[in-house]
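# Examination of the molecular architecture
Take a look at the letters that make up each chain.
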Amino acid sequence: MIVCKFGGTSVEDAGALRRLHTIVADRVAEKPLVVVSALAGVSDLLVSTFEDGADNEPRLDGRAASTQTQSIASSPGPTAYEALATRHFDLMCEVAGAEACHRLDPWLEALRAGPRRGSAQGQAEWLALGELLASAIVTAALEAWGLRATWFDVRSVMRTRGENPIQDRPDREVLQRLVDRHLRHSIEAGGIVVTQGFIGCDAGGRTTLLGRGGSDFSASLLGAALQAERLEIWTDVDGIMTAPPRLVPGARRLRVLSFDEAAELAYFGAKVLHPATLHPAQEAAIPVLVANSRRPKTAPGTPGTLILPDTTAYHDERAVVRSVAVKHGVTVVTVHSTRMLMAHGFLERIFAVFAKHSTPVDLVSTAEVSVSLTVDDPRSLQAIVDELRAIARVEVAPEMAIICVVGDGMRRARGIAARLFRAVGSTEVRMISQGASEINVSLVVADAEADDVVRRLHEEFFQGNLPRAVFGESFADLETAPSLPASPPSPHRLARVAADLAAKHGTPFYVYELDRVEAQIQRLRTALDHSRARLAYACKANFHPALFFLMRDQGVGIDAVSPMEVERALQCGIPADQVLFTANNVSVETLLAVHDQGVRVNLGSLSDVRRFAAHRAGTEVFLRTNPGIGAGHHAHVVTGGMDSKFGILAEDLQEAREILAARDIRVVGLHAHIGSGSLDAAPHLEAARRLVAAATAFPHLRSLNVGGGLGVPYRRGEPEFALESYGAGLREMLQSLEAALGRTLELWVEPGRFLVAQAGTLVARVTCRKETAGHIYVGLDSGMNHLVRPALYGAYHAIRNLSAPGAPLESVDVVGNICESADVFAMSRPLPSPQEGHLLAIENAGAYGFAMASHYNLWPLPREFVLRDGAVLDA
Ligand code: LLP
């Protein structure tokens with residue numbers, strides 16, 4: 001059992017939820033309890049609306065709610081409550097569909113009703129809405145994407161003492177009993193339990209809060225009560241670093257840290273963790289992982305920082321110091337007294353003054369005639385100083401900073417002080433103190449000089465060959481590491497753009513979102529993770545010029561199948577040597593013309609080989625093989641195996657080689673493409689294995705091209721293509737082939753659908769609604785002439801009603817305007833009741849949509865629009 005807590009930025013929008021899903025899906029076997037905060041910004045807005053007092057005034061600055069609500073938040077503005085309601089409703093709709101939105105009803109209702117002001121209890125109930133709403137959305141998203149998730153109200157176990165509803169203390173004993181009774185079993189039964197951080201409930205059943213930073217604390221408490229194997233805190237930073245990265249870009253990620261070290265760092269400035277958070281986990285000796293939800297798969301090894309009860313196994317002479325932290329804005333108060341200082345009870349009197357004003361003291365150092373103390377909360381400083389002056393001379397030095405050097409190993413190491421002072425150099429040190437735990441040394445210097453001292457200390461202690469078991473990547477490297485792309489459909493962004501485009505240009509039309517194409521490129525590159533992996537986009541999927549430009553800018557080549565595709569690639573600036581021509585049954589003139597442009601030709605039959613070799617010699621070619629296995633979403637798109645017209649079978653490769661060798665034509669690439677749209681990586685890997693087996697017979701081979709065919713989920717909840725095992729399998733095969741050949745090879749992959757399908761939407765208008773013989777026909781101003789996939793392959797495309805996403809559902813047949821009965825987009829599909837005039841979005845239509853469109857019935861082709869970050873390019 002593990003506990004995974006996701007902070008506000010890790011649940012803030014559909015992208016974040018998609019990443020959350022990936023993280024949780026990877027951990028199903030470990031039985032995760034998912035604890036969530038409110039969406040980023042929501043708690044602040046709830047606090048300020050509670051404090052403002054003016055109910056339902058339209059006064060919201062759109063940014064405060066989210067960028068997604070900007071358009072509705074502009075004038076005349078919605079109330080803050082409406083904006084909050086809209087943000088949650090929109091997100092639910094986006095990730096789980098309109099059908100799921102009713103799950104938010106009780107809390108949206110409460111939002112609309114506004115807070116019960118004037119009581120702390122009312123405030124606690126109001127603030128709790130953020131976590132309650134977020135947890136319902138996370139549950140629905142996980143379910144919609146194929147995981148078995150259940151929502152759990154944490155108030156049935158998180159018992160607090162009922163002393164202060166907005167900052168209550170847990171009652172650990174009762175909490176333990178309730179967890180054992182109500183929660184443990186559901187987690188053990190498998191499935192994923194999703195619950196709230198931050199909120200609790202007193203013995204009288206009233207909602208309470210654990211105070212700010214409370215979600216981490218909740219997770220830690222639950223983890224301890226469950227005796228979890230690990231607590232994971234997913235946030236927006238990459239764990240704990242060797243120094244604040246804003247000061248030291250070369251700061252390294254700490255892979256491991258002890259609880260004591262983490263507590264010191266949390267206290268002295270590392271913003272990642274609230275010090276109190278760790279206590280329950282630490283007591284129960286539960287390892288805590290702190291990691292960035294944007295980069296859950298930092299290679300190699302685990303992401304983030306793992307905080308362990310005992311890190312002696314990681315002790316290393318080269319790195320006794322683990323981190324340098326800094327706390328700015330500190331004041332040093334020095335109390336001088338010649339007479340009384342060392343007198344019995346004097347220190348106590350000094351501390352009593354600080355205690356009386358509830359002002360904590362961070363560092364203390366004493367000399368014969370003076371005591372220096374630091375405080376970082378200046379609110380009561382004047383009063384404190386006034387009182388102290390009654391008993392001694394007092395000096396106040398504001399604008400100071402505490403620099404804290406932390407490391408368990410410092411206990412045992414010698415020479416640390418010398419190195420420390422070397423780095424401090426001539427900077428004036430106002431105080432110095434070794435913590436009682438012996439794992440930190442703290443210095444106080446002027447605030448203005450502190451950053452420089454931190455840099456020098458970092459240089460002193462983190463030079464050279466540091467143990468990899470402890471130190472991960474530098475911050476600079478992490479920043480450029482690809483984040484886990486997450487680009488689920490964004491129909492709300494799209495809905496607005498589509499409505500504008502429809503009003504201006506009419507319907508139907510295709511829209512392509514370039515950022516989503518880029519995200520897919522990134523995903524694939526991350527999975528392949530091989531310096532010699534090359535992508536060649538199969539532009540037959542979508543030949544819009546904007547995609548060629550994007551591929552050029554991304555360094556992606558092109559798989560072309562006609563001289564016209566080759567022409568477009570070259571015109572759009574793709575270098576000829578990054579274009580592969582895999583034609584089928586073309587004339588030798590075409591083969592030669594393309595070859596003579598510097599493009600690589602991929603010969604797919606003995607006839608191609610013969611005809612080409614008859615006219616050219618002393619050149620290089622690829623051979624398309626048929627590895628004897630095929631896979632695809634429909635028989636029409638299977639292109640390997642014994643019944644396929646494509647490629648050269650293994651038994652004919654020898655002959656092909658001989659014909660080419662006789663003309664001194666070198667085979668530099670071997671290719672196989674077995675079909676399109678399979679979600680299973682296994683047949684692709686089998687084909688690759690066969691390609692590898694054939695490769696050793698080709699002495700000039702430089703490239704292995706495993707084709708395209710990677711499927712995408714068209715239905716909600718359908719699993720994704722198994723990218724990781726695909727990437728890992730290919731890497732492994734290539735490495736062993738390279739070892740056998742004693743040289744390196746390039747790995748080519750030529751995806752079409754995978755890069756563009758989800759980025760494209762066909763938008764059409766309902767022209768006619770007809771209820772007859774038990775059917776509700778919803779007729780569109782588009783048809784199979786614009787998107788033939790449903791008619792040709794029975795393909796499923798998700799459809800949304802952009803005009804009325806929240807309308808009641810009904811089962812409809814969505815049909816086109818073509819004179820054939822195959823002209824159907826969807827049969828018996830539950831949709832929010834489509835009415836004449838509504839705009840419908842037919843999704844995942846970016847691949848083989850427009851590319852296969854025709855003028856059938858002499859209807860014009862649909863228009864195409866390209867979006868970048870939600871804005872239309874060149875409309
Ligand atoms: N390489 C070659 C040699 C191909 O023939 C194809 C697709 C690809 C790569 C790219 O395959 P993808 O990654 O997109 O699956 N119209 C059908 C798909 C036909 C695929 C044709 N060849 C459909 O709409 O499902």
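A few points on the structure.

The rules behind each value
Residues numbered from 1 in each chain as written. Predicted model: local features only at pLDDT ≥ 70, side-chain atom pairs only at ≥ 80, totals over all residues. Heavy atoms only, no water. Pairing = 2+ DSSP bridges. Helix = DSSP H or I, 4+ residues; strand = E, 2+ residues; numbered from the N terminus. Near = heavy atom within 4 Å. Polar contact = N/O pair within 3.5 Å; in protein donor to acceptor, adjacent residues only side chain to side chain. Nonpolar A, V, L, I, M, F, W, Y, C, P; charged D, E, K, R; others polar. Axes fitted to C-alpha atoms, helices over the stretch in contact; angles between N-to-C directions. Contact = heavy atoms within 4.5 Å. Patch = residues over 30% accessible without salt bridge, like charges linked within 9 Å, V, L, I, M, F, W, Y side chains within 5 Å. Areas by Shrake-Rupley, 256 points an atom, 1.4 Å probe, with all protein chains shown as cover. Salt bridge = Lys/Arg side-chain N within 4 Å of Asp/Glu carboxyl O. Buried < 20%, exposed > 50% of the residue type's maximum accessible area, 1.4 Å probe, protein only. Parallel < 35°, antiparallel > 145°, perpendicular 65-115°, else oblique. Left-handed = near helix turned anticlockwise from the far one by under 90°. Phe/Tyr/Trp six-rings, centres within 6.5 Å; stacked < 30°, edge-to-face > 60°. Lys NZ or Arg CZ within 6 Å of the ring centre and 35° of its normal.

### A short note on the pairing of strand 29 (residues 760–772)
In this structure, strand 19 (residues 509–513) lies alongside strand 29, joined through four bridges in antiparallel fashion. Looking at strand 29, one finds that Val511 is bridged to Thr761. For strand 29 and strand 34 (residues 839–842), the ladder comprises four bridges, and the chain directions are antiparallel. Pairing of Leu762 across the sheet is with Ile842, part of strand 34. Across six bridges, the pairing between strand 29 and strand 30 (residues 775–780) is antiparallel. Among the inter-strand pairings, Lys770 is bridged to a residue of strand 30, identified as Tyr777. Count of turn residues in the strand 29/strand 30 antiparallel hairpin: two residues, of which Ala773 carries a positive phi of about 45°.

### Quick notes on the site of the ligand
Close to the ligand lie 19 residues; His633, Ser676, Arg753, Arg789 and Tyr848 are nearest. Between an oxygen atom of the ligand and a side-chain N or O atom of Ser676, the distance comes to 2.4 Å. Within the side chain of Glu750, a nitrogen or oxygen atom sits 2.8 Å from a nitrogen atom of the ligand. Split by residue class, the shell around the ligand holds six nonpolar, seven polar and six charged.

### Brief notes about the sheet that holds strand 13 (residues 364–366)
The sheet built from six strands is open, its strands ordered 13-14-12-15-17-16 with antiparallel pairing. In this open sheet, the two edge strands, each paired with only one partner strand, are strand 13 and strand 16 (431–434). Each strand of the sheet is rotated relative to its neighbour by a mean of 25°, with strand direction disregarded. Two strands pair when backbone bridges link them, and strand 13 and strand 14 (residues 370–375) are joined in this way by three bridges, in the antiparallel orientation. Note on strand 14: the bridge partner recorded for Thr366 is Val371. Sitting on the sheet, helix 13 (residues 381–389) is in contact with strand 12 (323–336), strand 14 and strand 15 (393–406), with an inclination near 120° to strand 15.

### Remarks on unusual backbone geometry
Pro508 follows Thr507 through a cis peptide bond whose omega is -5°. One non-glycine residue, Ser358, lies in positive phi territory at about 45°. With respect to the helices and strands, the residue Ser358 is situated in the loop between helix 12 (346–356) and strand 13. Despite not being glycine, Leu858 shows a phi value in the positive range, around 60°.

### Thoughts on a nonpolar patch on the surface
A surface patch of nonpolar side chains, amounting to about 200 Å² of accessible area, comprises Leu347, Phe351 and Val364. Note on placement: Phe351 falls in helix 12.

### What to know about the sheet that holds strand 4 (residues 192–196)
By way of backbone hydrogen bonds, the strands of a sheet pair with one another, either parallel or antiparallel. Here eight strands make up an open sheet; going across it, the order is 3-4-2-1-7-10-11-9 and the pairing mixed. Each edge of the open sheet carries a strand with a single partner, namely strand 3 (149–151) and strand 9 (256–258). Put simply, the sheet's adjacent strands are angled 20° from each other on average, direction ignored. The pairing of strand 3 with strand 4 spans three bridges and is classified as parallel. In the sheet register, Trp151 faces strand 4, and the bridge partner there is Val194.

### Structural notes on the pattern of salt bridges
Within the structure shown, the criterion is met by 41 salt bridges. For the salt bridge of Arg610 with Glu655, the shortest nitrogen-to-oxygen distance reads 3.2 Å. Here Arg610, found in helix 22 (residues 606–615), pairs with Glu655, found in helix 23 (residues 650–662); they are 45 residues apart in sequence, far enough to count as distant. Judged by its relative accessible area of 44%, Arg610 falls in the partly exposed class. Look at Glu655 and you get partly exposed, because its relative accessible area is 35%. Among the charged side chains, a network of salt bridges with common partners joins Arg27, Glu30, Arg230 and Glu232.

### Topic: the pairing of strand 12
Among the 14 residues that make up strand 12, 12 are buried, leaving the element largely enclosed by the rest of the structure. Bridge count between strand 12 and strand 15: 11 bridges; the pairing is antiparallel. From the neighbouring strand, Lys327 faces strand 15, where its bridge partner is Ile402. As paired strands, strand 12 and strand 14 are joined by six bridges and run antiparallel to one another. Directly across from Val335, in strand 14, lies its bridge partner Val371.

### Comments concerning the packing of helix 6 (residues 105–113) against helix 7 (residues 120–144)
Here helix 6 crosses helix 7 at 150°, and the two axes come no closer than 10 Å. In terms of orientation, helix 6 lies roughly antiparallel with respect to helix 7. Here helix 6 and helix 7 pass one another in a crossing that is left-handed. Together, Trp107, Leu108, Ala110 and Leu111 of helix 6 and Trp126, Leu129, Leu132, Leu133 and Ala136 of helix 7 make up the contact between the two elements. When grouped by side-chain class, the residues that make up the contact of helix 6 with helix 7 number nine nonpolar, no polar and no charged.

### Thoughts on the packing of aromatic side chains
The description of an aromatic ring pair rests on the distance of the ring centres and on the angle between the ring planes. Summed over the entire model, instances satisfying the criterion amount to 10 aromatic pairs. Taken together, a centroid distance of 5.4 Å and an interplanar angle of 40° make the contact between Trp107 and Trp151 tilted. In this pair, Trp107 is assigned in helix 6 and Trp151 in strand 3, connecting sequence segments 44 residues apart. Judged by its relative accessible area of 14%, Trp107 falls in the buried class. Considering the side-chain rings of Tyr510 and Phe850, the 6.2 Å spacing of their centres and the 85° angle between planes classify their relative orientation as edge-to-face. Here Phe850 lies in the loop between strand 34 and strand 35 (863–868) and Tyr510 lies in strand 19, a separation of 340 residues in the sequence. Residue Tyr510 is classed as buried on the basis of its relative accessible area of 0%. These aromatic residues form a ring-pair network of at least three members: Tyr510, Tyr512, Phe543 and Phe850. The ring of Phe698 carries the charged tip of Arg657 above its face, separated from the ring centre by 5.3 Å.

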